[in-house]
Amino acid sequence: FCKNHSIWYQSFWTLTANRHALATTDAKTLAEQKGLSPQTLLYAFLMSLGYGTPLSGTTNLGHMVEDVAVMERMQAGEVFFEDETELRDFAKIL
């Protein structure tokens, strides 16, 4: 809906709502293969779907740096999900 109506959606509590999924072996393995943490992989996933940049509510400086870094990498053109199959596979984990 948002994408079809040119509305930018910024998700919040994204990591908290998905903490159990991000703790799975599948999420950890996929993140490691892509050189990301499971948390930054989720941010990359959302941005790959066209959701802009998720709101990061962290107060941890290290996490802030990681969050901003993945967003900057994607804005510079880096691709973390090669095709629709990879996006669907990660969506199933969530």
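About the cut-offs
The numbers attached to residues start from 1 for each chain and follow its sequence in the written order. Given that the model is predicted, a residue must reach a pLDDT of at least 70 before its local features are reported, and side-chain atom pairs must reach 80 or more before they are shown or counted; all residues, however, enter totals for whole chains, interfaces and linings. Side-chain measures here rest on the full set of heavy atoms in the structure, leaving out hydrogens and waters. Salt bridges are identified by distance alone: a Lys or Arg side-chain nitrogen within 4 Å of an Asp or Glu carboxyl oxygen. In this text, helices come from DSSP runs of H or I with a minimum length of four residues, and strands from runs of E with a minimum of two, each type numbered from the N-terminal end. Each residue is placed in one exposure class: buried if its accessible area under a 1.4 Å probe, protein chains only, is under 20% of its type's maximum, exposed if it is over 50%, and partly exposed if it falls in between. The residues that make up patches have over 30% relative accessible area and no salt bridge, and they are joined within 9 Å when like-charged or within 5 Å when they are Val, Leu, Ile, Met, Phe, Trp or Tyr. Each accessible area is a Shrake-Rupley estimate made with a 1.4 Å probe; only the visible protein chains count as cover when residues are assessed. Positive charge is attributed to Lys and Arg, negative charge to Asp and Glu, and no charge count is given to His or to the chain ends. Charged groups are reduced to one reference atom each: NZ for lysine, CZ for arginine, CG for aspartic acid, CD for glutamic acid. Stacked, edge-to-face and tilted are the three classes for Phe, Tyr and Trp ring pairs, Trp counted by its six-membered ring, which pair at centre distances within 6.5 Å; planes under 30 degrees apart are stacked, over 60 edge-to-face, the rest tilted. For our purposes a nonpolar core is just a set of buried Ala, Val, Leu, Ile, Met, Phe, Trp, Tyr and Cys residues, chained together by side-chain atoms within 4.5 Å.

S.K.: How do you make sense of the pattern of salt bridges when you look at a structure like this?
M.R.: In a structure, side chains of opposite charge can pair up when their charged atoms sit close to one another. In this structure the tally under the stated criterion is two salt bridges. Across the pair K34 and E86 runs a salt bridge whose closest N-O atoms are separated by 3.1 Å. With a gap of 52 residues between them, K34 in the loop between helix 3 (25-33) and helix 4 (38-48) and E86 in helix 6 (residues 84-93) connect regions that are remote in the sequence. Classification of K34 by relative accessible area gives buried; the value is 17%. In this structure, the salt-bridge partner of R73 is E78, at a minimum N-O distance of 2.8 Å. For R73, a relative accessible area of 30% translates into the label partly exposed.

S.K.: Which parts of the structure should I look at to understand a negative patch on the surface?
M.R.: Where like charges cluster on the molecular surface, the negative patch consists of E82, D83, E84 and D89. Among the secondary structure elements, D83 is positioned in the loop between helix 5 (61-75) and helix 6. Among the residues examined, D83 registers a relative accessible area of 40% and is labelled partly exposed.

S.K.: Where do I start with helix 4 in this structure?
M.R.: Because the α-helix completes a turn every 3.6 residues, residues three or four places apart line up on one side. Summarising burial for helix 4: nine of the eleven residues are buried, a large majority. When helix 4 is considered as a whole, its buried residues turn out to be P38, T40, L41, L42, Y43, A44, F45, L46 and M47. At the exit of helix 4 stands G50, carrying a positive phi of roughly 95°.

S.K.: Would you mind going over the packing of aromatic side chains with me for this structure?
M.R.: Each aromatic ring pair is characterised by the separation of its centres together with the angle its planes make. Tallying each qualifying case throughout the model produces three aromatic pairs. Here the aromatic rings of F45 and F81 are separated by 5.8 Å at their centres, their planes lie at 65°, and the arrangement is edge-to-face. Of this pair, F45 sits in helix 4 while F81 sits in the loop between helix 5 and helix 6, placing them 36 residues apart in sequence. Site record: aromatic cluster; members linked through ring pairs are F45, F81 and F90.

S.K.: Even after reading the chapter, I still don't get the environment of Y51, so can you show me in this structure?
M.R.: In this structure, Y51 sits in the loop between helix 4 and helix 5. Taking C-alpha positions, Y51 is 9.1 Å from I7, a pair spaced 44 residues apart along the chain.

S.K.: Honestly, the nonpolar core in this entry has me stumped. Any pointers?
M.R.: One recurring pattern in soluble globular proteins is that nonpolar side chains are buried together. L41, A44, F45, V70, F80, F81 and F90 are the most contacted members of the largest nonpolar core, which totals 19 residues. Elements represented by at least two residues in this core include exactly helix 3, helix 4, helix 5 and helix 6.

Structural measurements only, silent on function.
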